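Overview (structure and organization)
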Amino acid sequence: MQTIAEPVSQLIDAFSALPGIGPKSASRLAYYILRADASVAHNLAQALENLKANTLFCSICFNIADRDPCAICSSGERDGSMVCVVEEPLDVQAIERTGEFKGQYHVLHGAISPIEGVGPDNLRVAELLQRIQAADKRGRPITEVLLATNPNLEGEATAMYIARLIKPLEIRVTRLARGLPMGGDLEYADEMTLGRALLGRSEM
């Protein structure tokens, strides 16, 4: 016999499907929304609709944006000769919070992980190489690629793979300094640690 109202059960299931949210957290969120003013549920639903309807991937860097190209790629104040390669859009936000990096980005949307069946072809690696070639043809070459993948096994494997592809192009390839803890994620690093890692980046 079902003891939870069907709409509540559906919402709990929906929250449980999100990464990092277990059954207890999902239940707390569902009951909070149930008890809260109706405007809370309405605003949440509207935000979710807007998220899917009004966001896209930048055709240059593949970051999440509300226009194409994104604000960073279209900015005349960013140094287009430097490209920082990250795994996820959240990593762009983490690096931007430091205020230390003035170049542009390239989002891979993942990292190489044979265990999970993720290979280079599943990432935006080919697009990075095409971007480098296109910049060269325009006479505004990319001179440095900063590999800011996460400091874990998958991130290191991804960085090494990309470095091997780019080095023959005679482009400077750098890696974040080892001030970041091994096994951590960029999005959880504090601004000072990440800022020092940017300033102390090393050649690969």
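Before reading on, note that the structure itself is shown above.
Residues numbered from 1 in each chain as written. Predicted model: local features only at pLDDT ≥ 70, side-chain atom pairs only at ≥ 80, totals over all residues. Heavy atoms only, no water.

Examining the overall build of the protein
Our working rule: Only DSSP runs of H or I reaching four residues or more are called helices, and only runs of E reaching two or more are called strands; each is numbered from the N terminus. Relative accessible area decides the class of each residue, using a 1.4 Å probe on protein chains only: under 20% of the type maximum gives buried, over 50% gives exposed, and in between gives partly exposed. Any pair of residues with heavy atoms lying within 4.5 Å of one another is described as a contacting pair. Reported accessibility uses the Shrake-Rupley method at a 1.4 Å probe radius. Residues are deemed covered only where the shown protein chains occlude them. Residues scored as positive are Lys and Arg, those scored as negative are Asp and Glu, and His as well as the terminal groups of each chain are ignored. A charged residue contributes its charge at one atom only: NZ of Lys, CZ of Arg, CG of Asp or CD of Glu.
A tally of helices and strands in the protein yields seven helices and seven strands. Moving toward the C terminus, one meets the helices and strands of the protein in the order α-α-α-β-β-β-α-β-α-β-α-β-α-β. With respect to the three principal axes, the spread of C-alpha positions in the protein is 65 × 35 × 35 Å. Here the protein holds 204 residues, and the buried ones make up 38% of them. Residue pairs in contact within the protein that sit at least 24 positions apart in sequence constitute 56% of those at least 6 positions apart. Accessible surface, the protein as shown: approximately 12100 Å² in total, 55% of it carbon and sulfur. Side-chain charges of the protein comprise 20 positive and 26 negative groups, with the mean position of each set lying 4 Å from the other.

What to know about the packing of helix α1 (residues 6-16) against helix α2 (residues 23-35)
Our working rule: Only the contacting stretch of a helix is used when fitting its axis, a line to C-alpha atoms as for every element, and angles between N-to-C directions run 0 to 180 degrees. An angle below 35 degrees is read as roughly parallel, one above 145 as roughly antiparallel, one from 65 to 115 as roughly perpendicular, and any other as oblique. Working rule for handedness: look at the near helix, and if it is turned counterclockwise from the far one by less than a right angle, call the crossing left-handed; if clockwise, right-handed. Asp, Glu, Lys and Arg are counted as charged, while Ala, Val, Leu, Ile, Met, Phe, Trp, Tyr, Cys and Pro are counted as nonpolar; the rest, among them Gly, fall into the polar class.
Viewed as axis vectors pointing N to C, α1 and α2 meet at an angle of 130°, and their least axial separation amounts to 8 Å. If you check the angle between α1 and α2, you find them oblique. Where α1 crosses over α2, the two elements pack in a sense that is right-handed. For the pair α1 and α2, contact is made by Val8, Leu11, Ile12, Phe15 and Ser16 and by Pro23, Ala26, Ser27, Leu29, Ala30, Tyr31, Ile33 and Leu34, respectively. Looking at the contact of α1 with α2 residue by residue, the classes come out as eleven nonpolar, two polar and no charged.

Thoughts on unusual backbone geometry
Looking along the chain, the bond that leaves Asp68 and enters Pro69 is cis, with omega of 0°. Among the secondary structure elements, Pro69 is positioned in the loop between β2 (64-65) and β3 (79-86). Even without being glycine, Phe62 reaches a positive phi, approximately 70°. Tracing the chain through its elements places Phe62 in the loop between β1 (56-57) and β2. Phi is positive for His109, which is not a glycine, with a value near 65°. The topology assignment puts His109 in the loop between β4 (103-107) and α5 (125-137). Judged by its relative accessible area of 26%, His109 falls in the partly exposed class.

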